[in-house]
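# Overview (structure and organization)
These are the residues of each chain, in order.
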Amino acid sequence: MANCTLCKEDLKPEEGQLIWRGDDCRVILVNDSDLPGFCRVIWNRHVPEMTDLTYGEREHLMTLVFAVEEAIRHVMHPDKINLAALGNMVPHLHWHVIPRYKDDAFFPGSAWSKRAQETPASVLLERTRKASQLSDAIKAEIASLI
């Protein structure tokens, strides 16, 4: 689809970093200074809903989502992981995998809610440092599935 931001393969640095790409999906580390470690698992082909996929494709996609979640938990040690597949703004199938902390800017609301608090800069710096290790951890987790 011509106007779909998730159909385009090239990322600007301010949008994030491509961590892994397979035939059907790709994993992006989102550049979000409030939520270091926020990842997206994106279905490469433009489809809006999970039910547009075959059962095997659904299983494959969710296996990747859970692999990303596992790597984030191992590296980032969040208080909680949020998984979301909204698609209201961009109707291209993708999952958000977001490490959440009781002191993050939006807690206890969603990552798209109004800021509730300010996370100390030193805490964000440490989380950003940890997030820089996610690429290798996610690739290793996915490789263990193959």
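This write-up is about the structure you can find in this document. (Residues numbered from 1 in each chain as written. Predicted model: local features only at pLDDT ≥ 70, side-chain atom pairs only at ≥ 80, totals over all residues. Heavy atoms only, no water.)

## Things to note about helix α3 (residues 134-143)
Rules: Burial here depends on accessible area, computed with a 1.4 Å probe over protein chains only, as a share of the maximum for the residue type. Under 20% is buried, over 50% is exposed, and the range in between is partly exposed. Helix numbers and strand numbers start at the N terminus; a helix is a DSSP run of H or I with at least 4 residues, a strand a run of E with at least 2. It is the directions from the helix axis to the C-beta atoms that the arc portrays. Note on contacts: a residue pair qualifies if any of its non-hydrogen atoms lie within 4.5 Å across the two residues.
Looking only at α3, the buried set comprises L134, S135, A137, I138 and I142. Considered in projection along α3, the buried side chains sweep an arc of 165° and stay on one side of the axis. Elements in contact with the buried residues of α3: β1 (16-21), β2 (25-30), β3 (39-43), α1 (55-76) and α2 (121-131).

## Quick notes on the layout of surface pockets
To keep it simple, the criterion reads: Grid points spaced at 1 Å over the protein atoms alone were grouped into cavities, where a 1.4 Å probe fits but cannot get out, and pockets, open sets with protein on both sides within 12 Å along at least five of seven lines, with lining residues defined by an atom within 4 Å of a point. Grid points are joined across faces, edges and corners, and a volume is the space filled by probe spheres set on the points. The classification used treats Ala, Val, Leu, Ile, Met, Phe, Trp, Tyr, Cys and Pro as nonpolar, Asp, Glu, Lys and Arg as charged, and all other residues, Gly among them, as polar.
Computed from the structure, the largest pocket encloses a volume of approximately 480 Å³. What lines the largest pocket is a set of 24 residues, and nearest its centre among them are L6, R40, V90, H94 and H96. Of all elements in the fold, only β2, β3 and β5 (94-100) reach the threshold of two or more residues within the lining of the largest pocket. For the lining of the largest pocket, the element with the most residues is β2, which contributes 3 residues. Taken together, the residues of the lining of the largest pocket break down into 12 nonpolar, 5 polar and 7 charged. In this structure, the second largest pocket spans a volume of roughly 180 Å³.

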